[in-house]
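Analysis of the macromolecular model
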Amino acid sequence: MPITDYFQYDAKQEAEPQRVKPRFRHCYMCKQPNDSVKLCAKCKSIGYCSRECQKKDWSEHKNNCNRAAEMGLASMCKFMGRLYDDDSLVTLLEIAILHKLQSLKLELSTESAFTVIIVVGIEPVDIQHFGALKTSIDFVEGASCPLGMLQVLSLVVSPEPPIIISTNASLSRMQNAIEMNAIARVPVINAVLSYFRPKIDSGFDNYTSPRPIPVAGLCGLSLRFTKTLTIPDISGSGPGVVKPLTTDTCLELINMNIRRDLENRYRLRKRMQREDMKMIHMATNAKCPGGRLDPYGAQWVEKIFREDIYDAIPETGGARSLSQTIRSLGLTKIADSFFRGKK
């Protein structure tokens, strides 16, 4: 079917996300596998197997918990955490992180952990709505805001020195839990989900949710023996596009898999809030507080340039095409300036 029909079908069929009970691998405190883990009632971002574990972790968790409650992000925290629920998405995320570290010539260690910030945002499922949001945030789909989905905007390795694992309770618990299950000691990453949204008056709210991620040896083998990834066609009828394996292509594949999830198996779809719509509008029109090179807005701009799906809408397709032409001539700095609208 034509790409425009596909998106119309997608939005129509997914009027509301399916309500499926979340699946958690382990208790956030003791790291032991448990099928009856319960969410923190206040922020709903992490789960515990018992009240005792929750009390033990409160001294570390309370700052993030109170921050989420103050921002009214309990449902958003629960939503963001679902990114870790699917093994295929987590594996791609781990490979993306490994590739990012390798590109920076940083070596993993079992004694220390790099902090990697995973910037996420909410984007409309219907790509045509993305173009509409660039023009205005006043449109609605019927009587509601557009159906949205979680998307990974970027990975950023913190410039701070790696964390010594033995000095960090959460990282130590994760590493010890892995060893207790008779698995050789593996490196651990301090992964921090980061979500920005505009405030009602001005500026941004930023919520971060740290979570240790063990890096399995399988991901290292994938980097060694896999040189390409295939980004599937949005309609599923084409062969897809083969691209070199990089951090960017891993993120593009994660986002495309979420976009193609018509049955909402990942549970990563929800109605957009006006703050999410405003974020996209501000970013694509260089209206963020820092102007055209604002780091918050730049995350969205980089995603538009990175992913081929945006060729489907005139508001971004033309800019991508011209910028790629300029890049092909070796004029990368000019292309970056053009695409961000810098004068």
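Residues numbered from 1 in each chain as written. Predicted model: local features only at pLDDT ≥ 70, side-chain atom pairs only at ≥ 80, totals over all residues. Heavy atoms only, no water.

Observations regarding the overall build of the protein chain
Operational definition: By definition, any uninterrupted DSSP run of H or I lasting at least four residues is a helix, any uninterrupted run of E lasting at least two residues is a strand, and each is numbered from the N terminus. Partly exposed residues are those whose accessible area sits between 20% and 50% of the maximum for their type, while under 20% is buried and over 50% is exposed, using a 1.4 Å probe and protein chains only. Surface exposure here means Shrake-Rupley accessible area, sampled with a 1.4 Å probe, where a residue is shielded only by the protein chains that are shown.
Across its full length, the protein chain holds 12 helices and 11 strands. Going through the 343 residues of the protein chain one by one, you find that 48% of them count as buried. Split by element, the accessible area of the protein chain, about 16500 Å² in all, is 54% carbon and sulfur.

A look at the sheet that holds strand E4 (residues 115-124)
Put simply, the rule reads: Strand pairing requires that DSSP identify at least two bridges connecting the strands. Only the stretch in contact is used when fitting a helix axis, every axis being a line fitted to C-alpha atoms; angles between N-to-C directions are given from 0 to 180 degrees. Contact criterion: two residues are considered in contact whenever any of their non-hydrogen atoms come within 4.5 Å of each other.
Strand order across the open sheet formed by five strands is E8-E7-E4-E5-E11, with mixed pairing between neighbours. Looking at strand neighbours, the two that pair on one side only are strand E8 (204-214) and strand E11 (269-271), the edges of this open sheet. Going across the sheet, the axis of each strand differs from the next one's by a mean of 35 degrees, ignoring polarity. Of the pairings in the sheet, the one linking strand E5 (residues 147-157) to E11 comprises three bridges and is antiparallel in character. Residue pairing across strands places Met149 opposite Arg269, the latter belonging to E11. Strands in contact with helix H8 (residues 247-259) are E4, E5 and E11; relative to E5, the strand with the most contacts, it is inclined by about 165 degrees. The sheet contacts of helix H9 (residues 274-284) involve E4, strand E7 (188-198) and E8, and relative to E7 the element is tilted by about 90 degrees.

Things to note about the confidence of the model for the protein chain
Short version of the rule: Values of pLDDT, which run from 0 to 100, indicate the predictor's confidence residue by residue.
Of all residues in the protein chain, 74% have pLDDT values of 70 or greater, and the mean over the chain is 77. Looking across the protein chain, the model is least confident in helix H1 (residues 3-13), with a mean pLDDT of 37, and most confident in H8, with 95. Note that residues 1-24 has pLDDT below 50 and, in this model, 50 contacts with residues that lie over four places away or in other chains. Ignoring residues within four places in sequence, the model shows residues 325-343, a span with pLDDT below 50, making 26 contacts including any to other chains.

Description of the environment of Ala283
If you trace the backbone, Ala283 turns up in helix H9. With 15 residues separating them along the chain, Ala283 and Ala298 place their C-alpha atoms 6.9 Å apart. Non-local contacts of Ala283, meaning those with residues more than four positions away in its chain, are made with Cys288, Gly297, Trp300 and Val301.

Concerning the pattern of salt bridges
Worth spelling out the cut-off: By convention in these notes, a salt bridge is any Lys or Arg side-chain nitrogen within 4 Å of a carboxyl oxygen on Asp or Glu.
For the coordinates displayed, the defined rule picks out nine salt bridges. For the salt bridge of Asp57 with Arg173, the shortest nitrogen-to-oxygen distance reads 3.3 Å. Taken as a pair, Asp57 in helix H2 (residues 51-70) and Arg173 in helix H6 (residues 169-180) lie far apart in primary sequence, 116 residues in all. Just as Asp57 is buried, Arg173 falls in that class too. Its salt-bridge partner being Lys303, residue Glu123 comes within 3.0 Å of it at the nearest N-O pair. Linking Glu123 in strand E4 with Lys303 in helix H10 (residues 295-306), this pair joins segments that are 180 residues apart in sequence. A relative accessible area of 0% means that Lys303 is categorised as buried.

Digging into the environment of Leu89
Relative to the assigned elements, Leu89 resides in helix H4 (residues 87-103). Among the residues examined, Leu89 registers a relative accessible area of 1% and is labelled buried. Counting along the chain gives 164 residues from Leu89 to Leu253, while the straight-line C-alpha distance between them is 9.0 Å. Here Leu89 is in contact with Leu83, Ile254, Asn257, Ile258, Tyr266 and Leu268, once residues within four sequence places are set aside.

Re the environment of Lys134
Residue placement: Lys134 occurs in helix H5 (residues 127-135). Owing to a relative accessible area of 25%, Lys134 belongs among the partly exposed residues under this scheme. Note: C-alpha distance between Lys134 and Ala283 (149 residues apart in sequence) is 8.5 Å.

Here's the deal with the packing of H9 against H10
Heads up, the condition is: Angles are sorted into four bins: roughly parallel if under 35 degrees, roughly antiparallel if over 145, roughly perpendicular if 65 to 115, and oblique for all others.
Two numbers describe how H9 lies on H10: the axes approach to 8 Å, and their chain directions differ by 80 degrees. Judged by the inter-axis angle, H9 sits roughly perpendicular to H10. Listed contacts from H10 to Met279, Ile280, Ala283 and Thr284 of H9 are Tyr296, Gly297, Trp300, Val301 and Ile304.

Notes on H5
Our working rule: Contacts described as polar in this section are N or O atom pairs within 3.5 Å, which, within protein, must combine one atom able to donate a hydrogen with one able to accept it, while residues neighboring in sequence count only if both atoms come from side chains.
Where H5 is concerned, the buried positions are Ile127, His129, Phe130, Gly131 and Leu133. The opening residue of H5 is Asp126, an N-cap whose side-chain oxygen sits 2.9 Å from the backbone nitrogen of Gln128.

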